[in-house]
Structures are given as structure tokens and as C-alpha cells.
Amino acid sequence: MEIHSTIAGLRAALMGAGRVSFVPTMGNLHEGHIALMRQAQPLGDCLVSSLFVNRLQFGPKEDFGTYPRTFEADCAKMATVGVAHLFAPDEREMYPAPQAYFVQPEPVQADILEGEFRPGFFRGVATVVMKLFAIVQPQVAVFGKKDYQQLMIIRNMVREFALPIEIVAGETVRAEDGLALSSRNGYLSAAERAEAPRLYRALEAVRQGVRGGERDLARLEQWAMAELRASGWIPQYVAVRKQLDLQLPAAHDSGLVVLGAALLGSTRLIDNLEV
Ligand code: PAF
């Protein structure tokens, strides 16, 4: 695996590389990332990944400073799943001057759910992904369903800007007890880690309720929030939405997804399940 810290170096290396498949990351890789890379590898002639902790998508009180940076371990993992080129720029390479142009998704997409609790998050994500796409110029890119709203926003951005990139979704990878793998799971204490699958179980109960024909979605959502609260969580949202655009479903809509976010101690966990 070749490691490139500059845009010029990566571009030179990719000349004549053929069809490029791409998995962007912020590092601290777990099996969820590795699964995305395994999925992306056969989709092109050359698998590229990136590792960049993107300051633009962190709020002022969020964990940019403490976000785990595990470069050596990440490189070792990427090399085992066929990543041919890793783009790992520093901040001066990505943002040589403070970024003055942004990709700002419409509030109807970016200010709901995650965006309500993380203002500016999707502007930061869309901007860096647009920039990474311009640098890497992949033909196909793989994003995980674990970040369901992010996946929707990237799909919409690619469509609206007519970028010649196919966006492929990767399934969420879970621990045996159901907890969705996430870089932030490492923040959990042993007791919190034992408690953490409750979010998945609450969403699963809502999913079963919807599948069982319950149409009072607000009742299901409130039940799940109360379940979490009763076990010491601070739930931010549990919401049943349309998979396509994450808007409120009408009475007989199908293709739904249950999404949730909650604080367990000081760790914020998110998860979702398609119905
Ligand atoms: O999902 C992530 O890890 C990040 O949001 C991404 C897509 C790499 C952009 O920084």
C-alpha cells in the first residue's frame, strides 16, 4: 500500500490506475470500515481510502481534539484488505487557508435528526467529501448505512452536482449483542459497553411494532425514548422516517427506517434499522 500525504502525490500515483473505488474514513478503523473496504475492492481496478479527521464537521464542543488517531494500526488494517493507495493529508494540505466555499445541503435534509443536534455537521461532511471526490476522482465510493443520513446527503449531492460517481451503500456491522460498530464505542466504560446494545434493542422493538402494523408511529417513538430514559440514557431522537428522504411517512408508506441517537454517559451513540 502506498501512502500519500499530498494531493499532487496521490494524483500522480493514480494516473492510469483505471477504475478507482474509494472509501473515505476518519481513521480509528473497526470491522465496519474493513467491511466497506472489502465491498469496495472488487468494484474497481484500484482501491483508494483516505484518512483525515475533518475539523469542519465537528462542533465547538465536540471531540475533534480527542478523536482517536491510530494511524499505524489503521495502515496495517487497510493493507490487509487490498487498499492500494491511502490518502492521508494533514490539515495544511486539505485546508491551506480557512475554507471559504462550502457545500450546504438544504435544511430539510441537513437540519433534521442528526443535523438538529449537530448544527453544521452535514455542511462539514458534504464539503470535505466533495473535496475528497475532486482529489481522488473515484468512479465508485462506498459509504456505510450506519450513518444513514450522511449516506442520503452524499447520494443527493452526487446527483444534484451530476458527479460521475456511483454511491454504494454498505450494511452496518454489529457486535454479537447487536451494538453497531463505531469509532466512538471506544469511549464507553465496561459498564456502559454492557448497556449500549439497549439502543439497538429499542430500535428493533420499534421496527417490530411497525412491521406488526402499528400505525401510531409517535407512540412507538415515545415508548423507545422512555425505555432509554428509564435506563439512564439521554435520548435525542427516535424517529420512523422514509428511507428515501428521511421525511415523515404518510399513513401507508412503505420503505421506512427507524433512526435513533442517545447519550450514554458522555458518549453519543447513533443507530438505525430499515423496516
Ligand atoms: O463517515 C465518516 O467517517 C466521515 O463523515 C467522512 C465521510 C469520512 C467525512 O469526513
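Let me begin by describing the structure that accompanies this report. This one's a predicted model, so the numbers in the text were calculated from it and none came from an experiment.

Cut-offs applied
Residues numbered from 1 in each chain as written. Predicted model: local features only at pLDDT ≥ 70, side-chain atom pairs only at ≥ 80, totals over all residues. Heavy atoms only, no water. Pairing = 2+ DSSP bridges. Helix = DSSP H or I, 4+ residues; strand = E, 2+ residues; numbered from the N terminus. Axes fitted to C-alpha atoms, helices over the stretch in contact; angles between N-to-C directions. Contact = heavy atoms within 4.5 Å. Near = heavy atom within 4 Å. Polar contact = N/O pair within 3.5 Å; in protein donor to acceptor, adjacent residues only side chain to side chain. Salt bridge = Lys/Arg side-chain N within 4 Å of Asp/Glu carboxyl O. Buried < 20%, exposed > 50% of the residue type's maximum accessible area, 1.4 Å probe, protein only.

1. What about the sheet that holds strand E4 (residues 85-87)?
Working step 1: Across the sheet, 6 strands lie side by side as E1-E4-E3-E2-E5-E6; this open sheet has parallel pairing. Two strands bound the open sheet, and with one partner strand each, they are strand E1 (2-4) and strand E6 (166-170). Taking the axes of each pair of neighbouring strands and ignoring which way they run, one obtains an average angle of 25 degrees across the sheet.
Working step 2: Here strand E5 (residues 140-144) pairs with E6 via 5 bridges, running parallel. The residue of E6 that forms the bridge with Val140 is Glu166.
Working step 3: Packed onto the sheet, helix H2 (residues 31-40) meets strand E2 (20-25), strand E3 (46-51), E5 and E6 and runs at close to 170 degrees relative to E2.
Working step 4: Packed onto the sheet, helix H8 (residues 148-160) meets E5 and E6 and runs at close to 170 degrees relative to E6.

2. Structural notes on the site of the ligand
Working step 1: With respect to spatial proximity, the complete set of residues near the ligand consists of Pro24, Thr25, Met26, Asn54, Gln57, Val125, Val128, Val129, Phe143 and Gln150.
Working step 2: Interatomic distance of 2.7 Å between a side-chain N/O atom of Gln57 and an oxygen atom of the ligand.
Working step 3: For the ligand, an oxygen atom lies 2.8 Å from a polar atom in the side chain of Gln150.
Working step 4: Taken together, the elements giving at least two residues each to the shell around the ligand come down to E2 and helix H7 (121-136).

3. Looking at the pattern of salt bridges
Working step 1: Under the defined criterion, the tally for this structure stands at 15 salt bridges.
Working step 2: Linking Lys145 and Glu171 is a salt bridge whose minimum nitrogen-to-oxygen distance equals 2.8 Å. A residue pair is termed long-range when its members are at least 10 positions apart, and Lys145 in the loop between E5 and H8 and Glu171 in the loop between E6 and helix H9 (190-195) qualify at 26 residues.
Working step 3: On the basis of relative accessibility, which here comes to 13%, the residue Lys145 falls in the buried class.
Working step 4: Its salt-bridge partner being Lys242, residue Asp245 comes within 3.7 Å of it at the nearest N-O pair.
Working step 5: Asp245 sits in the partly exposed class, given a relative accessible area of 28%.
Working step 6: For Lys242, a relative accessible area of 24% puts it in the partly exposed group.
Working step 7: When salt bridges with common partners are traced through the structure, they connect Lys145, Glu171 and Glu274 into a single cluster.

4. Some thoughts on the environment of Arg19
Working step 1: Position of Arg19 among the secondary structure elements: in the loop between helix H1 (7-14) and E2.
Working step 2: As for Arg19 and Arg155, which are separated by 136 residues in sequence, their C-alpha atoms are 19 Å apart.
Working step 3: Among residues more than four places away in sequence, those in contact with Arg19 are Leu43, Gly44, Asp45, Cys46, Gln139, Val140 and Glu166.
Working step 4: Only 3.5 Å separates the side chain of Arg19 from the side chain of Glu166, close enough to count as a polar contact.

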